[in-house]
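Chain by chain, the residues run as shown.
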Amino acid sequence: MGVPYVPVFGLVGTDLLKRRDDMVLAPDPFDGKTISVVAKAMRPDVAVFHVDRADRQGNVSCGYPVEAVILAEASQHVIVTAEEVVDRLDEKDAIGAFVPSILVDAVVHAPFGSHPAGMTGRYGPDKVHMQQYVAASRDDAAFAQYLRTYVFDVESHADYVERFVPRELQRPSRAA
Amino acid sequence: MSVRLDYSEAELMAVLMSREVRDGEVSACGALSQLPAAGLLLAKELHAPNAELIILNTIFRPFHTSRQFHFLAQRGELGLFFASGVQIDRHGNYNLHQIGTDPERPEVRFPGGYGGGMIYYCARRTVVFRTEHTRRSLVERVDFISAAGSSPANVLRLGNPSKLITPKANFRFEKDEARLRLDSVHPSYTVEEIRENTGFDLGVTEPVATTPAPTAEELRVLRSVVRSKMIETGTYAVWAERSLGSS
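Residues numbered from 1 in each chain as written. Chains lettered and ligands numbered in written order. Predicted model: local features only at pLDDT ≥ 70, side-chain atom pairs only at ≥ 80, totals over all residues.

### Quick word on the overall build of chain A
We apply this condition: Each helix is a run of DSSP H or I of at least 4 residues and each strand a run of E of at least 2, with the numbering of both proceeding from the N terminus. We compute the radius of gyration from the C-alpha atoms alone; for a globule the expected value is 2.2 Å times N to the 0.38, where N is the number of residues. Every C-beta atom is placed from the backbone, and the number of other C-beta atoms within 10 Å of a residue's own sets its class: buried at 20 or more, exposed at 12 or fewer, partly exposed in between. Distance between backbone-placed C-beta atoms decides contact: two residues are in contact if it is within 7 Å.
Broken down by element type, chain A carries six helices and eight strands. Beginning at the N terminus, the succession of helices and strands in chain A can be written as β-α-β-β-β-β-α-β-β-β-α-α-α-α. Relative to the 2.2 N^0.38 estimate, which gives 16 Å for 176 residues, the radius of gyration of chain A is 20 Å and therefore markedly larger than a compact globule would have. For chain A, the spread of C-alpha atoms along the three principal axes comes to 60 × 45 × 25 Å. Relative to its 176 residues, chain A shows a buried fraction of 22%. A fraction of 72% describes how many contacts in chain A between residues 6 or more apart in sequence connect residues 24 or more apart.

Here it is as structure tokens:
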């Protein structure tokens, strides 16, 4: 939208407001009386999101309906990771949300980039890995170990897919 | 008590929720809401054929993105919404964030949510429900206010909570007093049992009305039409198969 802030109905009197400095109470500037929450606009420096297909110019077919367009519009820079990179993608060929290339700075080819979550139309979630993640998140040491194994000690995305994406997820017949 | 009821708790709550739906209104529930989903579908079969239903994350939704749902609510087009919280207090505040009052060290952390804290002020009526009627869930004061039951008069607000539904009783929200008051006790329960299991003053002098039990017709449609519809459309299908008609 490009506006500095936006008023919203709701949230007045909640403890949520005590923890946030990007939402405050403010009077209606027209009547000077009515109070509502005013939320500061979010302007991320960089947005990164994973999609189904992108072309070399940065046109994006998300693969399912998702709020990617407002995210891309709000952010200074946009990096898209894609299951598949094609030569040319037109809006009419898009599945779900379409993000035009003018909003996108970089496209990265990253098959299985949603793992361990699933990717609509391609593969389901890796439930075994998800359980490991939940277990690891219970304490800091276990989580640090998780990060070492699955993030810091991984050489490349291809290395990650090779080592950690189960073979049965990589077969098209298991598509979600 | 030893009275044998011919319906389950889940069926009772779904029927009670269906009675809150008005014909022609937009009525909605969020994700992870099997009871309201069943209630909404039941109302549509019985007394509200023209109700427009929104059951998030199912095929019963007019649009795909949360942005559209957000602005539908902000425009005041939601007639009825169903919400739940881990704690609900006397003033109609509910807590979907945490147990324990220290924000840095909660005893238990829940998903929280912006949506409920917004919709609670926008939907014309919100029915709060809780499947556990105990003193730990119905409290004098919630540990964390995720959504406030009432607001000062100068606050922009389109709607309020209207009712609290549990497996044991219905409470109505008194807007002028900003409090919940026991409205009716479900069949087989006594006011004394409700008092023992509620962490706030019931605000009533006896006698208190008994909630009309689910009718044979309500139960028949719930167990046949609604159950099949939920299974066929993948709307909490596993839950519907297990919980409706198997009592």
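### A short note on the overall build of chain B
What chain B contains, in helices and strands, is seven helices and 13 strands. At 18 Å, chain B has a C-alpha radius of gyration in line with the 18 Å of a compact globule built from 247 residues. Reported as C-alpha extents along the three principal axes, the dimensions of chain B are approximately 50 × 45 × 35 Å.

### Concerning the sheet that holds strand E12 (residues 179–185) of chain B
Residues and elements named next belong to chain B. Applied cut-off: The pairing criterion for strands is at least two bridges between them, as found by DSSP. Think of each axis as a best-fit line through the C-alpha atoms, taken over the contacting stretch in the case of a helix, with angles from 0 to 180 degrees between the N-to-C directions.
Taking strand neighbours across the sheet as the criterion, the eight strands line up as E2-E1-E3-E8-E10-E11-E12-E13 in an open arrangement whose pairing is mixed. If you trace the sheet from one side to the other, it starts and ends with strand E2 (52–55) and strand E13 (209–210), each paired once. Those strands touched by helix H4 (residues 115–122) are strand E3 (80–84), strand E8 (125–129) and strand E10 (160–165), and its axis lies near 140 degrees from that of E3.

### Describing the nonpolar core
In plain terms, the rule: A set of buried residues qualifies as a nonpolar core if it consists of Ala, Val, Leu, Ile, Met, Phe, Trp, Tyr and Cys joined through C-beta atoms within 7 Å.
Met13, Ala14, Met17, Ala38, Leu42 and Phe81 of chain B are the most contacted members of the largest nonpolar core, which has 71 residues in total. Formed by 16 residues, the second largest nonpolar core is a distinct cluster that contains Val51, Val60, Val107 and Ala110 of chain A.

### Some remarks on the confidence of the model for chain A
Just so we agree on the cut-off: The score called pLDDT rates the predictor's confidence residue by residue, from a low of 0 to a high of 100.
With 97% of its residues at a pLDDT of at least 70, chain A reaches an overall mean of 93. Highest mean pLDDT in chain A belongs to strand E8 (residues 106–109) of chain A (98); lowest belongs to helix H6 (residues 167–170) of chain A (86).

### A few points about the sheet that holds strand E1 (residues 5–8) of chain A
All names here are of chain A. One open sheet holds the three strands; their spatial order is E1-E3-E2, and the pairing between them is antiparallel. Since the sheet does not close on itself, it has two edges, and those belong to E1 and strand E2 (23–27), each with one partner. Strand-to-strand twist across the sheet, computed as the mean angle between neighbouring axes with direction ignored, equals 40 degrees. Across five bridges, the pairing between E2 and strand E3 (residues 35–40) is antiparallel. Across the sheet, the residue bridging to Leu25 is Val37, located in E3.

### Side note on the interface of chain B and chain A
The test is simple: Asp, Glu, Lys and Arg are counted as charged, while Ala, Val, Leu, Ile, Met, Phe, Trp, Tyr, Cys and Pro are counted as nonpolar; the rest, among them Gly, fall into the polar class.
On the side of chain A, 17 residues touch chain B, which itself brings 21 residues to the contact. Elements with a contribution of two residues or more to the side of chain B that touches chain A: helix H3 (66–74) and H4 of chain B. The element that contributes the greatest number of residues to the side of chain B that touches chain A is H4 of chain B, accounting for five residues. Considering only residue class, the side of chain B that touches chain A consists of twelve nonpolar, eight polar and one charged.

### With respect to the environment of Asp126 of chain A
Residue and element names in this part refer to chain A. Tracing the sequence through the fold places Asp126 in the loop between E8 and helix H3 (127–136). Classification of Asp126 by C-beta neighbours within 10 Å gives buried; the count is 21. Sequence spacing of Asp126 and Arg138 is twelve residues, and the spatial spacing of their C-alpha atoms is 19 Å. Look past the residues within four positions of Asp126 in its chain and what remains in contact with it is His115, Pro116, Pro166 and Leu169.

### Let's talk about the pairing of E3 of chain A
Regular strands have side chains that alternate between both faces of the sheet. Across four bridges, the pairing between E1 of chain A and E3 of chain A is antiparallel. Its bridge partner being in E3 of chain A, Val6 of chain A is matched across the sheet by Ala39 of chain A.

### A word on the domain arrangement of chain A
The criterion, for reference: Source of the domain bounds: an automatic or database domain assignment.
Partitioning chain A into domains gives domain 1 (5–40), domain 2 (43–110) and domain 3 (120–176). A C-alpha centroid distance of 32 Å is found between domain 1 of chain A and domain 2 of chain A.

### Some words on the pairing of strand E4 (residues 46–55) of chain A
Residues and elements named next belong to chain A. The pairing of E4 with strand E6 (residues 77–86) spans nine bridges and is classified as parallel. By the bridge assignment, Asp55 is partnered in E6 with Val86. Sheet analysis places E4 next to strand E5 (residues 60–61), joined by two bridges and oriented antiparallel. Across the sheet, residue Ala54 finds its bridge partner in E5, namely Val60. Here E4 hands over to E5 after four residues, with Gly58 in that stretch at a positive phi of 105 degrees.

### Observations regarding the packing of helix H1 (residues 9–18) of chain B against helix H6 (residues 216–232) of chain B
Residues and elements named next belong to chain B. Quick reminder of the rule: Roughly parallel means an angle under 35 degrees; roughly antiparallel, over 145; roughly perpendicular, 65 to 115; everything else is oblique.
Two numbers describe how H1 lies on H6: the axes approach to 11 Å, and their chain directions differ by 105 degrees. Considered as vectors, H1 and H6 are oriented roughly perpendicular to each other. Across from Glu11, Ala14 and Val15 in H1, the residues of H6 making contact are Glu218, Leu219 and Leu222. Partitioning the contact of H1 with H6 into residue classes produces four nonpolar, no polar and two charged.

### Describing the environment of Asp52 of chain A
Residue and element names in this part refer to chain A. With respect to the helices and strands, Asp52 occurs in strand E4. Asp52 gets classed as buried once you count the C-beta atoms within 10 Å, which come to 21. Taking the C-alpha atoms as reference, Asp52 lies 9.9 Å from Ser114; in sequence the two are 62 residues apart. Apart from the residues lying within four places of it in its own chain, the contact partners of Asp52 are Ser61, Cys62, Gly63, Glu83, Glu84, Ile95, Met119 and Gly121.

### Comments concerning unusual backbone geometry
Glycine aside, a negative phi is what most residues show, and trans is what most peptide bonds show. For the bond running from His115 of chain A to Pro116 of chain A, omega is 10 degrees, close enough to zero to count as cis. With an omega of 5 degrees, the peptide bond running from Glu206 of chain B to Pro207 of chain B counts as cis. Turning to its location among the elements, Pro207 of chain B is positioned in the loop between helix H5 (191–196) and E13. The phi torsion at Leu32 of chain B lies on the positive side, around 55 degrees, for a residue other than glycine. Summarising the element assignment, Leu32 of chain B is placed in the loop between strand E1 (26–29) and helix H2 (34–45).

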